[in-house]
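Below, each chain spelled out in residue letters.
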Amino acid sequence: MIVLGIESTCDETACAIVRSGRDVLAHRLASQVDLHQLYGGVVPELACRRHIDVLVPLIRGALEDAALSLNEVDLIAVAHGPGLIGALLIGLNGAKALSLALSKPLIGVNHIEAHLYAALMSAPKPPPFPALGVVASGGHSSLVKMHDVGSYELIGQTIDDAVGEAFDKVARILGLPYPGGPAIESLAKQGDAQRFAVKPGQVKGRPYDFSFSGLKTRVLYLAKGNGASKYAPLLLDEQGKADLAAAFQDAALGDIVDKALAAAQEHGCHSLVLGGGVTNSRRLRKLLGDKAQEQNLPVFWPGPGLSVDNAVMIAGLGYHTYQRKGQADGLDLQAQTRISF
Ligand code: KG4
Ligand code: ZN
């Protein structure tokens, strides 16, 4: 089954063509980083306009790469949430238009679930289930017990900022460019993570929930003075910035590692499945890889290019979602800014 997938939940527009949930025939992506960098974060209205400009050329390009015509596509899959409402509507309406014009079935895909599927697509064989899914992206930080593809139980999530969002906000405080994750990781290489004492938040009575907002404020005060506003000047020299970046990075990533491993143990999970833009981090891969090895837990990471938002994971999961449901979604499929597991 040839599935054409469309992704437009936030600031990447993407189209991919995937055969039967696995073989990638085309993978096109238009990043908007250049557009949002000036503002230090995603500006929804600008994101929407760019999605409109690039969606159709991306679909054409993907078909060209796969040497297929639209008539040879069997299913249209689209990320219908969660995400920014305007951005979602553009991909969703594009997908509906294709479905209607071609009389091909349409299937809506949960973008967060697709982040976890990205790692499964990249693996030579399926992970031993149940697996502990860890979503670490710009919009989400969740721990999920995965019984199988399509069968999940939410174990923990952030009560304030997502982990990637915290990286982006801390980068802004330190005067680093957007997206913050790669900039912090690169600066932190020169830093001493022990110099500043910073700790991630714990949520009372909910050991697997995350809270990164207090950590971000602590970084702000260390960087600019107690009680300072985020617009105040930095009080640190270059070494100080690197030390603080390293301390923040290890605190935030260490929290994910510790909670994921504890949750996997308590919930009897036999493997870890990672997804989301933050899994690009070499530091996270090292910290989690080392500790998981101690516990004999295999770890499944997204393959190259599949950590950040992409349409390969949408087309891939769309295949399974369609098989499981046994029917297509209607043209009344709604964009959803929030979808939980
Ligand atoms: O999954 P994604 O592309 O978008 C969402 O669905 O949110 O994730 C983007 C996020 C950004 O917040 C970015 O700063 C973060 O992933 N990120 C990283 C790294 N690379 C990207 N965070 C930490 N370390 C990295 N190396
Ligand atoms: Zn995402």
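Just so we're clear, the structure is a prediction, and the values are computed from it rather than from any experiment. (Residues numbered from 1 in each chain as written. Chains lettered and ligands numbered in written order. Predicted model: local features only at pLDDT ≥ 70, side-chain atom pairs only at ≥ 80, totals over all residues. Heavy atoms only, no water.)

J.: I'd like a description of the pattern of salt bridges, backed by residues and values.
T.: A complete count under the given rule lists 15 salt bridges for this structure. Taking the shortest distance from any N to any O, the salt bridge between K216 and D161 comes out at 3.1 Å. Remark: D161 occurs in the loop between β8 (151–157) and α5 (163–173) and K216 occurs in helix α7 (residues 213–224); sequence separation between them is 55 residues. Accessibility expressed as a relative area gives 17% for K216, which makes it buried. Classification of D161 by relative accessible area gives buried; the value is 7%. (Salt bridge = Lys/Arg side-chain N within 4 Å of Asp/Glu carboxyl O. Helix = DSSP H or I, 4+ residues; strand = E, 2+ residues; numbered from the N terminus. Buried < 20%, exposed > 50% of the residue type's maximum accessible area, 1.4 Å probe, protein only.)

J.: Quick one: what's the story with helix α4 (residues 111–122), residue by residue and with numbers?
T.: Over its 12 residues, α4 extends 17 Å from the first C-alpha to the last, a length consistent with the 16 Å expected when each residue adds 1.5 Å. Listing the buried residues of α4 in full gives H111, I112, E113, A114, H115, L116, Y117, A118, A119, L120 and M121. (Expected span 1.5 Å × (residues − 1).)

J.: Give a description of the nonpolar core that names residues and reports values.
T.: Ranked by internal contacts, the top residues of the largest apolar core, which has 51 residues, are L132, L143, V163, I184, F212, F248 and L272. Mapped by element, the contributors of at least two residues to this core are β6 (131–136), α5, α6 (180–188), α7, α8 (238–266), β9 (271–275) and α9 (282–294). Looking at which element gives the most residues to this core, the answer is α8, with 15 residues. Core analysis: the next-biggest nonpolar cluster, separate from the first, contains 34 residues, I112, A118, V273 and Y322 among them. (Core = buried A, V, L, I, M, F, W, Y, C linked by side-chain atoms within 4.5 Å.)

J.: Could you give an account of the coordination of the zinc ion (ligand 2), with specific residues and numbers?
T.: All of the protein donors around the zinc ion (ligand 2) are H111 (NE2), H115 (NE2) and D309 (OD); their distances to the metal are 2.0 to 2.1 Å. Given four donor atoms and angles of 95 to 137 degrees at the metal, the environment of the zinc ion (ligand 2) is assigned as irregular. Summarised as a motif, the one-chain spacing of the donors to the zinc ion (ligand 2) is H-x3-H-x193-D. Here H115 is found in helix α4, whereas its partner D309 is found in the loop between β10 (299–300) and α10 (312–325), with 194 residues between them in sequence. For the pair formed by H115 and D309, the shared burial category is buried. (Donors = N, O, S within 2.8 Å, 3.2 Å for Na, K, Ca; no water. Tetrahedral: all angles 85-135°; square planar, octahedral: opposite > 155°, others 65-115°.)

J.: Summarise the sheet that holds β6; cite the residues concerned and give the values.
T.: The strand order across the open sheet formed by five strands is β8-β7-β6-β9-β10, and the pairing between neighbours is mixed. Each of the sheet's edge strands pairs with one partner strand only, and the pair in question is β8 and β10. Examined bridge by bridge, β6 and β9 share five bridges and lie parallel to one another. Bridged to G133 within β9 is V273. Relative to the sheet, α4 contacts β6, β7 (141–148), β8, β9 and β10, its axis offset from that of β9 by approximately 120 degrees. (Pairing = 2+ DSSP bridges. Contact = heavy atoms within 4.5 Å. Axes fitted to C-alpha atoms, helices over the stretch in contact; angles between N-to-C directions.)

J.: Tell me what's going on with the site of ligand 1, and back it up with residues and numbers.
T.: Every one of the 21 residues lining ligand 1 counts as a neighbour, but G138, G139, D168, E185 and G277 are closest to it. Contact distances for ligand 1 include 2.7 Å between an oxygen atom and a side-chain N or O atom of D168. Between ligand 1 and the protein, one listed contact pairs an oxygen atom with a side-chain N or O atom of D309 at 3.0 Å. Surface burial for ligand 1 is 92%, taken as the share of its 560 Å² of free accessible area covered by protein chains. Elements with a contribution of two residues or more to the shell around ligand 1: α4, α5 and α6. (Near = heavy atom within 4 Å. Polar contact = N/O pair within 3.5 Å; in protein donor to acceptor, adjacent residues only side chain to side chain. Areas by Shrake-Rupley, 256 points an atom, 1.4 Å probe, with all protein chains shown as cover.)

J.: Describe the packing of aromatic side chains, listing the residues and the values that go with them.
T.: Per the counting criterion, the structure on display carries three aromatic pairs. Taking 4.8 Å as the distance between ring centres and 70 degrees as the angle between the ring planes, the aromatic pair formed by F167 and F248 counts as edge-to-face. Taken as a pair, F167 in helix α5 and F248 in helix α8 lie far apart in primary sequence, 81 residues in all. The burial state of F167 is the same as that of F248; both residues are buried. (Phe/Tyr/Trp six-rings, centres within 6.5 Å; stacked < 30°, edge-to-face > 60°.)

J.: Could you give me a rundown of the sheet that holds strand β3 (residues 23–31), with the residues and numbers involved?
T.: On the basis of which strands lie adjacent, the open sheet formed by five strands has the order β3-β2-β1-β4-β5 and mixed pairing. Because the sheet does not close on itself, it has two edges, and the strands there are β3 and β5 (106–110). Adjacent strand axes in the sheet meet at a mean angle of 20 degrees when their direction is disregarded. Contacts between α4 and the sheet are confined to β1 (2–7), β2 (12–19), β3, β4 (75–81) and β5, with β5 contributing the most and set at about 90 degrees to the helix. Lying on the sheet, α10 is in contact with β1, β2, β3, β4 and β5; it crosses β5 at an angle near 115 degrees.

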